[in-house]
Amino acid sequence: MLDFLGNLKRTHYAGALRVAHEGQSVVLMGWVARRRDLGNLIFIDLRDREGIAQIVFNKDQSAAAHAKAETLRSEYVVAIEGRVVRRQKANPEIATGEVEVVASALHILNTSATPPFVIEEEINATEETRLRYRYLDLRRAKPQANLALRHKVILEIRNAMSELGFYEVETPMLTRATPEGARDYLVPSRVHPGQFYALPQSPQIFKQILMISGLDRYFQIARCFRDEDLRADRQPDFTQLDLEMSFVRPEDVFEVIEQVMQRAMRVIGVNVAAPFRRMLYKDAIRRYGSDKPDLRFGMELADVTQFFDAGRETLKFEGSVFALTATGGATLSRKQLDELAEKAKGFGARAMYTIKVAPEGIASALAKTLGDEAVKKIAEAAGAKSGDLVVAVAAQKQIKGTEAAALVAGQMRLHLAEKLNVIPAGRPFATAQGKSFASAQGKWEFVWLTGFPLFEWSDTENRWAPAQHPFTGIVEEDLEKLETAPWEVRSKGYDLVLNGVELGSGSVRIHRADVQARIFRALGLSDEQARQRFGFFLDALSFGTPPHGGIALGLDRVVMLLAREKSLREVIAFPKTTAAQDLMADAPNTVPQEQLDDLGIAIKGPK
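Rules used throughout
Residues numbered from 1 in each chain as written. Predicted model: local features only at pLDDT ≥ 70, side-chain atom pairs only at ≥ 80, totals over all residues. Heavy atoms only, no water. Helix = DSSP H or I, 4+ residues; strand = E, 2+ residues; numbered from the N terminus. Contact = heavy atoms within 4.5 Å. Areas by Shrake-Rupley, 256 points an atom, 1.4 Å probe, with all protein chains shown as cover. Core = buried A, V, L, I, M, F, W, Y, C linked by side-chain atoms within 4.5 Å. Buried < 20%, exposed > 50% of the residue type's maximum accessible area, 1.4 Å probe, protein only. Pairing = 2+ DSSP bridges. Axes fitted to C-alpha atoms, helices over the stretch in contact; angles between N-to-C directions. Expected span 1.5 Å × (residues − 1).

1. A short note on the overall build of the chain
- Check the secondary structure of the chain and you find 16 helices and 26 strands.
- Taken along the three principal axes of its C-alpha coordinates, the chain extends 90 × 75 × 55 Å.
- Taking the intrachain contacts of the chain between residues at least 6 apart in sequence as the baseline, contacts between residues at least 24 apart amount to 66%.
- With the model as given, the accessible surface of the chain reaches about 30300 Å², and the carbon-plus-sulfur share is 49%.

This is the structure in structure tokens:
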């Protein structure tokens, strides 16, 4: 027989009990995490949002409660009345380990089916099972700690934005399709048959219109939707900190975001210095082979093309050669080097060459082709020391104007850093449950990337496409190149990167209607096409638009990094799989034919 809650009221969270509560009468409510029957004594671990408390049922002191406790099973929902006492033997593994509750009454509020996996931290269930039963997975301390961290970070950001003079404004969730580089999620309109809304990929146009409206400083914790292939750092629906400011330069946006990120980092006990480092896009590619460089370690790239010129015909490759030094990598075996070469090919290298630097000298198969002196110069250019391994890669000449060898070397840099364990690790901090899940210290390297090209060539569309979005501002002195040399035009865009993860992109926008029209024409859009897609926005630009700019930061990514997780799914309450499915809710799914008829929609078979 189950009990009703009635007028019973919880007095404490189970995970909040400490020695200071000794002697107090308490009412706890939660789930049975574990039960141990020792005859006259029954122990249960009671779990709630804040952690675990040990409950003791003593048959000699409360026979009725003890008898009820004999029926308890894992995940039963219960309320406990009792008194807090010190444990005879403390448990240092949990935050409540110095106390326990001697139960005087037990109320069984609900039973539970046998869970498909044991709800504990060292879970052995597959990710698919975890997501299918997400409500059970979320009962574990680690997911709850991640969601608590997410709440605290977003709350701190909201407070910071308000104190910096920003107004939070909600923009429409149902709007018109305005392509921004990914596919829109479309919503059919019942009252306008054959017409569709689109879920916003971002609030981009609306936040610019808010600047035209004179709001001056806007922000939003915005939900956005993009129908694109997923990765560990992508979800079809995601959350971003979106903001826009009037009468600003890039430096003004940087200053605001640096203050906001400093406060967000303090949530996990980290103080970061501002201003953040600045780096040109071209320098990031040249030095790190990435537009989101991880600056927590060295291993910078070196262009060693000149030393390979004499051996091009023999080695049979074109283009540049970039090298890097793998710290301590000279100990890698022949088998490991072969595996490294296969990894390089997987990244797109045409060839990989290695040089081992040892106290007795430099060893490399390249010496036969290039000569000892050239090999020595390559090692010197890469900054190699005794015990290091130099890795050089060659690739095709360019990818979208960028040295392909540099991009491949950049991927090799990250792979080797992880393999050789040279990325600084952080010191764990304890959650409310007494478990260590995230890093409070360690190395946190922010960098602003600037100097991006305004356009990039799209092979699929056979035209120049915006490297960010078509409203990104242009460096004024490059305006004359817009029609004649678009590949040389620089944008007023910028990215914020933390520890090799792009947190977000922004720019100072185009605020003049004539410049915006020229950009659309450079992108191959006729005036008619531009008006069809963006007519209401072009009209707004003609009514006294102030210079303005902003940025959007991926909050899921921010929390993922702060929680030391490798996937966004670990910091989102109800994430999708890499196939864009919600396994718990079984979405997407089919809908009844009558609903389709109501919307005037017919389903076609696959192409």
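Having seen the structure, we can now continue with the description.
2. Quick look at the nonpolar core
- Grouped together as the largest cluster of nonpolar side chains are 45 residues, with contacts concentrated most on L241 and M261.
- Of all the elements, helix α6 (residues 250-266) adds the most residues to this core, at eight residues.
- Aside from chain neighbours lying at most four places away, what touches L241 is I157, M161, F219, Q220, I221, V260, I551, A552, L553 and L555.
- Grouped together as the second largest cluster of nonpolar side chains are 34 residues, L337, L389, M412 and L449 included.

3. A few points about unusual backbone geometry
- Geometrically, the link from A274 to P275 is a cis peptide bond, its omega value of 0° lying close to zero.
- If you trace the backbone, P275 turns up in the loop between α6 and β11 (277-280).
- For F247, which is not a glycine, the phi torsion comes out positive at approximately 55°.
- You can call F247 exposed: its relative accessible area is 61%.
- With a phi close to 55°, M299 is a non-glycine residue in the positive phi region.
- Considering the arrangement of structural elements, one finds M299 in the loop between α7 (281-288) and β12 (302-303).
- Taking the relative accessible area as the measure of exposure, M299 reaches 9% and is therefore buried.

4. Quick word on the sheet that holds strand β3 (residues 51-58)
- Around the barrel, five strands lie side by side as β1-β2-β3-β5-β4; this closed barrel has mixed pairing. For this sheet the average axis-to-axis angle between neighbouring strands, irrespective of direction, equals 55°.
- Relative to strand β2 (residues 41-48), strand β1 (residues 25-37) is paired through six bridges, and the arrangement is antiparallel. The residue bridging R35 from the neighbouring strand is I44, located in β2.

5. Quick look at helix α12 (residues 404-419)
- When the terminal C-alpha atoms of α12 are compared, their 23 Å separation across 16 residues agrees well with the 22 Å that a helix rising 1.5 Å per residue should span.
- For α12, every residue scored as buried is listed here: A404, A405, A406, V408, A409, G410, M412, R413, L416 and A417.
- Positioned one or two residues after α12, N421 has a phi angle of 60°, which is positive.

6. Re the sheet that holds β11
- Read from one edge to the other, the open sheet built from eight strands follows the order β6-β9-β10-β26-β25-β24-β21-β11, with strand pairing classed as mixed. Edge positions in the open sheet fall to β6 (167-168) and β11, since each of these has one partner strand only.
- Across the face of the sheet, α7 comes into contact with β11 and β21 (446-450) while running at roughly 85° to β11.
- Running over the sheet, helix α15 (residues 555-562) touches β9 (217-225), β10 (237-246), β24 (493-498), β25 (501-508) and β26 (548-554) and is turned about 145° from β25.

7. Here we look at the pairing of β24
- β24 sits mainly inside the fold: six of its six residues count as buried.
- Of the two faces of β24, the one holding G493, D495 and V497 and the one holding Y494, L496 and L498 are both buried throughout.
- Between β24 and β25, which pair antiparallel one after the other, the connecting turn spans two residues, and N499 there sits at a positive phi close to 50°.

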